[in-house]
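Topology and contacts: notes
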Amino acid sequence: PHGNVIPGRVAPYGLLVALADLEPGTPGAIRRISEVAEHEAPALLLMLAEHSIKEGTEVKVSDASLEPDEMAITIAGEPLTLSVAAAKLIWVETL
């Protein structure tokens, strides 16, 4: 349910990068959430659900300066602050 490819199947998307590594201003689409988040970071999954963030949601990293362990993103047109650790668990395909 979080975009992870079923073993033996071909991924329905192209090259992915961690949201934490997406260049500011570059649009992307969320394609999968790491298995680590599924099992070890239920708070992240809850936050994603609260903001209606799911596979296919468009995202863009902002240029805004925050704390070193935070990043500003725009998701579905709404600003959001996300920890860099959480952003490393979200994989996007550039658009």
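Position numbers for residues count from 1 along each chain, tracking the sequence in the order it is written. Residue-level local features of this predicted model are given only where pLDDT is at least 70; pairs of side-chain atoms are given and counted only at 80 or more, and the full residue set underlies all totals for whole chains, interfaces and linings. In computing side-chain properties, one takes all heavy atoms of the structure into account and sets aside hydrogens as well as water.

**Points about the overall build of the protein**
The line we're drawing: Put simply, DSSP H or I for four residues or longer makes a helix, DSSP E for two residues or longer makes a strand, and each gets a number counted from the N terminus. Think of it in three bands: residues with accessible area under 20% of the maximum for their type are buried, residues over 50% are exposed, and the middle band is partly exposed, with areas taken using a 1.4 Å probe on protein chains only. We call two residues contacting when some pair of their heavy atoms lies within 4.5 Å. Residue exposure ignores everything except the shown protein chains as possible cover, and the areas themselves are Shrake-Rupley values with a 1.4 Å probe.
Tallying secondary structure elements over the protein gives three helices and six strands in all. Along the protein, helices and strands appear, N-terminal first, in the series β-β-α-α-β-β-β-α-β. Taken over 95 residues, the protein has a buried fraction of 36%. Taking contacts inside the protein between residues at least 6 apart in sequence as the whole, the part at least 24 apart equals 67%. Of the roughly 5,800 Å² of accessible surface on the protein, 55% is carried by carbon and sulfur atoms.

**Some words on the pairing of strand β4 (residues 70-75)**
Heads up, the condition is: For two strands to count as paired, DSSP must find a minimum of two bridges between them.
Where strand β3 (residues 58-61) and β4 come together, three bridges link them in antiparallel fashion. The residue of β4 that forms the bridge with Lys 60 is Thr 74. Strand direction decides the pairing type here: β4 and strand β5 (residues 78-83), joined by six bridges, are antiparallel. If you follow Glu 70 over to β5, its bridge partner there is Ser 83.

**Describing the pattern of salt bridges**
As a reminder, the rule being used: A pair is scored as a salt bridge if a Lys or Arg side-chain nitrogen falls within 4 Å of a carboxyl oxygen belonging to Asp or Glu.
Inspection of the entire model under this criterion finds one salt bridge. Glu 93 is paired through a salt bridge with Arg 31; the nearest N and O atoms lie 2.8 Å apart. Of this pair, Glu 93 sits in strand β6 (residues 90-94) while Arg 31 sits in strand β2 (residues 27-33), and the two are 62 residues apart along the sequence.

**What to know about the sheet that holds β2**
Taken in spatial order, the six strands line up as β1-β6-β2-β3-β4-β5 in an open sheet, and their pairing is antiparallel. The open sheet terminates on both sides in strands that have one partner only, identified here as β1 (17-18) and β5. Bridging between β1 and β6 involves two bridges; their strand directions are antiparallel. From the neighbouring strand, Val 17 faces β6, where its bridge partner is Val 92.

**Some points on unusual backbone geometry**
For Ser 52, which is not glycine, the phi torsion reads 55° and is therefore positive. Of the residues examined, Ser 52 reaches a relative accessible area of 51% and is grouped as exposed.

**Quick notes on the environment of Pro 79**
Relative to the elements of secondary structure, Pro 79 occurs in strand β5. Relative accessible area serves as the criterion here: at 68%, Pro 79 is assigned to the exposed category. Separated by 19 residues in the primary sequence, Pro 79 and Lys 60 place their C-alpha atoms 9.5 Å from one another. When residues no more than four places from it in sequence are discounted, the contact partners of Pro 79 are Ile 73 and Thr 74.

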